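# Coordinates in review
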Amino acid sequence: MVLHSIGGFLVHKMRDPVLDNTAWLKTYYYYYCYFLCRFLICGSGDSVKVFSTSTEECVHVLEGHTDQVTGVALNPANHLQVYSCSADGTVRLWDFIDGILIKTFIFGYPILSLYVSEKHAGNFQLLALHLPKVPDQEVEAKDMFAVLCDISPNPGSTAFGQGGEYIASALGLRLNVYFFRKQKTYRFSLKATDKKGAKNAFTCVACHPKDDCIATGHEDGKIRLWRNFNQKKEYTYSTQHWHHNAVSSLCFTPEGMHLLSGGVESVLVQWHCEEVNKKDFLPRLGGAISHIAVSSDGQMYCTSHSDNKINIIHCSFKLSAVIQGLVKGNIWTDLVIDSRTKALVMNGRPGHLQFYSLQQDKQLYSLDIVQQEYIYEEGLDQFEVMKAVFDVRGNWLATVEERGRDSDLEFALKLWGFNESAQSLELNTTITAAHQDRITSMCFSPSTETTMLVTAAKDGQFKVWLLGTDSETQKEQASWSCDFVGSYHGLQPTNCCFSSDGSLLAVSFEEVVTVWSSDTWGLLTTLCQPPGPIRELCFGRLSCSKYLACLHLAVTCFLFDKLLEHVFVFRPSEPRPLFTQKAVCEGKVQRCVFAPRAEPLDSCDERFQWLNRSRLYYLTEKMELLSFSTQTEDERILKSRKQLLVDDSVAVTPFYLLLGKHRRQQEEEDKLNFMTNQVSERTQHPQASVAVKEHVLFFFFLLLKIIVLKIVLFSFIQYGTSLEEEWRDTQSKLLEV
Amino acid sequence: MASFKPTKVYTYPKLGEKVTEDTLYWKNYKAPVQIKEFGAVTKIEFSPVAPHNYVVTASTRIQVYRPQSQEPVQSFTRFRDTAYGGSFRGDGKLVVAGSEEGLIRLFDVGGRVALRQFRGHSKAVHVTSFLSDGYRVVSGSDDLSCRMWDVASGTQLSSYTEHTDYVRAGAASRLNPDLYITGSYDHTVKLFDMRVGGSVMTMQHGHPVESVLLYPSEALLVSAGGRYVKVWDLLKGGQQLVSLKNHHKTVTCACLSTTDNKLLTGSLDRHVKVYNSSYKVVHNFDYATSILSLAVAPDDEVMAVGMTNGVLSVRQKKHTNDKQEVLTKRRRTPAYRVFKGKNYIPKQDDFLVSKPVKQHLQKYDRQLKSFQVSKALDSALETWRRFHNPEVTVAVMIELNRRGTLKNALSGRDEQSLTMLLNFLIKHVTDPRFSRILLMVSDMIIDLYHDVAPQSSIVERLFQRLLELLGREAELQQELLQVLGILDTLFASLAPRQEVSGPAAPPIMLGSQQQAA
């Protein structure tokens, strides 16, 4: 999806890895014996990707669809071609070896699934399921003809059987089988519940390739094998039960020897068709299995998972390759940039942090934080990583994991040190009861002398943790221990922040900001900000950091009315947004982060200078990671994608800054709390002009109105009178200069 | 495919004092040997020559022991009244002792009859010591005088009556035959120089002095009395170096260990404390009754402590060869395991097929892996594991709770396993490390079994005990909270004073300056 905005800007979608429930991450595995190369073709967002199964690399990206790709199928007539269907109402034929679009068929209805049968001589047949009208359409060239009506939108619940003689489809409690030769439909129904309270609704259907047998998966985890279904009355079925939850996908191997099933447990089960009781299991594959595919020669299996992962499994039930995209799931941590790998760090698999390389657009690795066996069971409350903070040099990572609700809250603070020899983060200290209540905020001290962490929690205290060696016994590794416990009138601390040199610590308690000296832990001053509790707190850096010398704390608070999806970029010295982008995506922007660029751009346009040194990445509700790019950059990307693989060797700037998010459940008024001081323009603007303008930072009272949405942007910062005088002094001096 | 992650067993920080090198050193003694004397043991002294026999003064006897034996090798019993202050000459051949009747006797270590008797003191003599030349004896008495005696002639050489109260402590210099130090109940410590003919230095201890001690360098002097132990620097004219208050009753004795010159003090509060070179307490020995005397043999081989109830407690140092004996006793397991091809070195062109490493899991982990929750709890409650690694049992319970299957695992148990479970709970439920999960388990067990508990008398009794235990614990917690409340009010009452003292500070400082002036 490429949007053209007024400013000649392109909104470039970095990756659209996740599909919602109606669409399906359909994977198709294909083994091409003539060229001895193996490919996996899967729909990913609005493109079709071709992966090599041996190297796990993405070989081609077939782009052209304008909406979600919903299905991929190999052309039975030509094994070098692949069909893909999309919600934009088109079916496209591709040559996936060269990555060329051959044909486009336009249907005009959103296509939810695509099935291809080999035996329908010469001409392929397409079965397009259209949700709003619910007809079932078969297409030859441009003619459509409805085979079945009332079809489930789930593509797994329809299947061609035994060389295309019949088609089976399930919806709710009914299984429909349509025979092409007889042109007749048989319907089989199950009762909604039996005596044991089983849920009988169909979830998926698979047809045996050689035999008259249909396997159906059910909501309660049962698998039924139907036979004799070409008669109305004398049909039979046998029941197998292993899954404890709904069977989400079923698949027969090409010879019909085995049946593969998967569900939310993330266990791939291989049933032997001859010996009913014999089963093979492959557990702990990843997220819930959403789809299973088998290669045409039966040598490889492939499972796609809800967490945006594809496993390629050899038929001897050994995992051979893993293709992992940006892990889908709930994101509790802020988006953080690891300064060592320059990877984006956020929640990954349950209990893990994923390190996602933005340059290479792939997951680097996943760090197991919780280190406990994850039980794939619905409704089970398990530990999740809620907070993650890196120190400036990337040597230390602090994480907080939580489980349970208010009454029986369990949480642990973990500190991970970077091991130079192993080149990985290793667990150093686990603190199980760091606070009485939930930790709201934490930050590392940026100073180079001491390694220090501050945590603020809802129990009204903030604690300072220090890394120290045990002096008595030298054998033990350095570990973290509590150094200081601070509180302020029993108020709940909400945020904490260190100044850039680490000498001052600011902790906000509801409406009050307290400033502490990190040497003596004495309370230096308090600043009050009446209009409401403080949501975010940050010290100025780089060009603004000189104001710390005169003890000014740059606390700005931006409140956004986010009715539509807009992104604002501010410069600390100016009250007006530097850049506004409307309707960047569907849904709300959840989080955003600035990441340093590998090589600075030299854009001459003043409006986009802030993009020269860093990139703004933002995450939408649908777990899409998007980014802005300029026209020239976009062209370059299109020219050669390989260029993105160039490793980043630019020195790390202490530069990333997180823009927090905050949402209120007031109708649609979602207020994004934006922290500025992005410093993205640190070199661009001349120092003298900054000095004159800078006062707006401190006496901020602004009202901005933009057409549809009213942005109320106000921030009061009250300083003590002494500070104010001091400020005036400096100001007058600067003016004299 | 990730492998199964085993149950995480938390390692809890060890409670109590930290293990340091000093504690390891001072713990390296065997269990003490108790020797019963006839009365309170007032003085113990080791002979400076090998085999370092020690002389023990108790009641009307002075006995000489060998470090290894528990029977006295020599016993001097010719005292009509209580004997005091038995001490060796520098060559370990003569012993001198004072007594309650004021007589000082001099013995040969080999003989039984006193060689000399020094008469002159009118009251009890508590302190006797040879000077370093070996020909003179110095004594301190309750008649306030210190006297010098000639061993050869048995006559009094000189007498000083400078103290104004009983003289109860004394030490002779080993480097200079003309110097000795006395401590008295008049709160002073005096340094006498025979050449001057009187005291040359007086230090105010502030409490009745019970013991004085010179460091081998003789630059530092230790005095003990009252609850204080003070260290004085003699080279700086008797300047107080440090004042230690680590005992909560009168400190009666002090001595130095020979390695590193660690200071040891014994007190009526039944403790012996060991100080390091910066005078921090590094180790503590507890004894049954109040301590009157204390001595450490050269090389710290033996530590002898005398107590008020007449018990002499002797500790021998452990040696490494003792341990080795124990090790050699243990049978070596037969080396029947032969690994074929273990020493095979692959050639350059060999294609190496790596063998998959099999993950070794504990029994309970294997059962957890296959979701056998009841069995996993059973194997976590195995006798050995339950007694030696309760944290493992608790970790399995935590894991079951996390999986939401703890109730299933606990239910359906027979009397035997329920008894086992309840006994485990009774033992550990009050342990703060485990109490969170174990309270949850107790709650579930009561929910599950309260209907059927009366059927078994054992289970019912255990339920009763658990109830009582929890009741007691609740009372204790309440009391602790009360104490916490008291402390809070104390701190709260202190806090405003601090604020007031801020502006009020200058006058106080002025006052102190005036005082100093």
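Because the structure is predicted, anything quoted here is derived from the model rather than measured. (Residues numbered from 1 in each chain as written. Chains lettered and ligands numbered in written order. Predicted model: local features only at pLDDT ≥ 70, side-chain atom pairs only at ≥ 80, totals over all residues. Heavy atoms only, no water.)

Our next topic: the sheet that holds strand β38 (residues 439-444) of chain A. Residue and element names in this part refer to chain A. Pairing within the open sheet is antiparallel, and its four strands lie in the order β38-β39-β40-β41. Strands with a single pairing partner mark the edges of an open sheet, and in this sheet they are β38 and β41 (479-486). Direction aside, the axes of adjacent strands within the sheet are offset by 25 degrees on average. As defined by bridge partners, strand β39 (residues 452-457) adjoins strand β40 (residues 462-468) across five bridges and the pair is classed as antiparallel. The partner of Leu453 across the bridge, within β40, is Trp465. (Pairing = 2+ DSSP bridges. Helix = DSSP H or I, 4+ residues; strand = E, 2+ residues; numbered from the N terminus. Axes fitted to C-alpha atoms, helices over the stretch in contact; angles between N-to-C directions.)

On to the UniProt feature "repeat: WD" (unreviewed entry) in chain B, then. UniProt's feature table lists "repeat: WD" (unreviewed entry) at residues 118-159 and 244-276 of chain B, given in the numbering used throughout. Between the end C-alpha atoms of residues 244-276 of chain B the distance is 12 Å, and the span holds 0% helix and 52% strand. (UniProt positions renumbered as here; feature names shortened; annotations may be inferred.)

With that settled, the discussion passes to the packing of aromatic side chains. Between two aromatic rings, the relevant description is the distance of the centres plus the angle of the planes. Residue and element names in this part refer to chain A. A full pass over the atoms with the stated rule returns 32 aromatic pairs over all chains. Consider the rings of Tyr166 and Phe179, whose centres lie 5.4 Å apart with planes at 45 degrees: the pair is tilted. Linking Tyr166 in strand β15 (residues 166-171) with Phe179 in strand β16 (residues 174-179), this pair joins segments that are 13 residues apart in sequence. Among the aromatic residues, those joined into a cluster by ring pairs are Phe462, Phe484, Tyr488, Phe509, Trp516 and Trp521. (Phe/Tyr/Trp six-rings, centres within 6.5 Å; stacked < 30°, edge-to-face > 60°.)

With that settled, the discussion passes to a positive patch on the surface. Residues and elements named next belong to chain A. There is a patch of like positive charges on the surface, built from Lys182, Lys184, Arg187, Lys232 and Lys233. Along the chain, Lys233 falls in the loop between β20 (222-227) and β21 (236-241). With a relative accessible area of 73%, Lys233 lands in the exposed category. (Patch = residues over 30% accessible without salt bridge, like charges linked within 9 Å, V, L, I, M, F, W, Y side chains within 5 Å. Areas by Shrake-Rupley, 256 points an atom, 1.4 Å probe, with all protein chains shown as cover. Salt bridge = Lys/Arg side-chain N within 4 Å of Asp/Glu carboxyl O. Lys, Arg positive; Asp, Glu negative; His and termini not counted. Charge placed at Lys NZ, Arg CZ, Asp CG, Glu CD. Buried < 20%, exposed > 50% of the residue type's maximum accessible area, 1.4 Å probe, protein only.)

Let us look at the side chain of A:His243. Residue and element names in this part refer to chain A. The topology assignment puts His243 in the loop between β21 and β22 (247-252). A distance of 2.7 Å separates the side chain of His243 from the side chain of Ser261, its partner in a polar contact. Engagement of the side chain of His243 in a polar contact is seen with the side chain of Glu265, the distance being 3.2 Å. Contact partners of His243, with chain neighbours within four places excluded, come to Asp220, Gly221, Ile223, Ser261, Gly262, Gly263, Glu265, Val267 and Val269. (Polar contact = N/O pair within 3.5 Å; in protein donor to acceptor, adjacent residues only side chain to side chain. Contact = heavy atoms within 4.5 Å.)

What follows covers the sheet that holds β22(A). In sheet architecture, strand pairing relies on hydrogen bonds along the backbone and comes in two forms, parallel and antiparallel. All names here are of chain A. If you trace the four strands from one edge of the open sheet to the other, you get β22-β23-β24-β25, paired in antiparallel fashion. Edge strands, defined here as strands with exactly one partner in the open sheet, are β22 and β25 (279-282). Averaged over all pairs of adjacent strands, the angle between their axes in this sheet comes to 20 degrees, without regard to strand direction. Of the pairings in the sheet, the one linking strand β23 (residues 258-263) to strand β24 (residues 268-272) comprises four bridges and is antiparallel in character. Paired with Leu260 across the bridge in β24 is Gln270.

Moving on: the packing of helix α8 (residues 415-428) of chain B against helix α9 (residues 435-449) of chain B. All names here are of chain B. Where α8 contacts α9, the two axes come as close as 10 Å, and the packing angle between them is 145 degrees. In terms of crossing hand, the pair formed by α8 and α9 is left-handed. Together, Leu418, Leu421, Leu422, Phe424, Leu425 and His428 of α8 and Leu438, Val441, Ser442, Ile445 and Tyr449 of α9 make up the contact between the two elements. Looking at side-chain class alone, the contact of α8 with α9 contains nine nonpolar, two polar and no charged residues. (Left-handed = near helix turned anticlockwise from the far one by under 90°. Nonpolar A, V, L, I, M, F, W, Y, C, P; charged D, E, K, R; others polar.)

So, about empty space enclosed by the protein. The probe, sized like a water molecule, is rolled over the atoms to show the empty space still left. Per the counting criterion, the structure on display carries ten cavities of 30 Å³ or more. What the second largest cavity holds in volume is close to 70 Å³. Considering the residues around the second largest cavity, the lining is formed by A:Pro350, A:Gly351, A:His352, A:Asp368, A:Val370, A:Gln372, A:Glu373, A:Tyr374, A:Gln382, A:Phe383, B:Lys5 and B:Arg402. Residues that form the lining of the second largest cavity fall into these classes: four nonpolar, four polar and four charged. (1 Å grid on protein atoms, 1.4 Å probe; cavity = no way out; pocket = protein on both sides within 12 Å on 5 of 7 lines; lining within 4 Å. Points joined across faces, edges and corners; volume = space filled by probe spheres on them.)

The next thing to look at is the interface of chain B and chain A. Often, the extent of an interface is quoted as the loss of accessible area on bringing the components together. Facing 18 residues of chain B, the contacting portion of chain A comprises 27 residues. For the chain B and chain A pair, buried surface summed over both sides reaches about 1,900 Å², with 50% attributable to carbon and sulfur atoms. Across the contact surface, chain B and chain A share one salt bridge. Of the charged contacts, one joins A:Asp368 and B:Lys5 as a salt bridge, the two residues approaching to 3.2 Å between their closest N and O atoms. Where chain B touches chain A, the interface holds eight residue pairs in polar contact (both at pLDDT 80 or more). In terms of residue count, the dominant contributor to the side of chain B that touches chain A is helix α6 (residues 390-402) of chain B (three residues). Class assignment for the residues of the side of chain B that touches chain A results in six nonpolar, four polar and eight charged. (Buried area = accessible area lost by both parts, 1.4 Å probe.)

Let us look at the pairing of strand β8 (residues 81-86) of chain A. Taken residue by residue, a regular strand's side chains alternate between the two faces of the sheet. All names here are of chain A. With six of six residues buried, β8 is to be regarded as a mostly interior element. In β8, alternate side chains face the same way, and those of Gln81, Tyr83 and Cys85 on one face and Val82, Ser84 and Ser86 on the other are all buried. Joining the antiparallel neighbours strand β7 (residues 69-74) and β8 is a turn of six residues. Summarising the sheet, β8 and strand β9 (residues 90-95) pair through five bridges and their orientation is antiparallel. Bridging across to β9, Ser84 finds its partner in Arg92. With antiparallel pairing between neighbouring strands as the criterion, β8 and β9 make up a hairpin whose turn holds three residues, including Gly89 at a positive phi of roughly 85 degrees.

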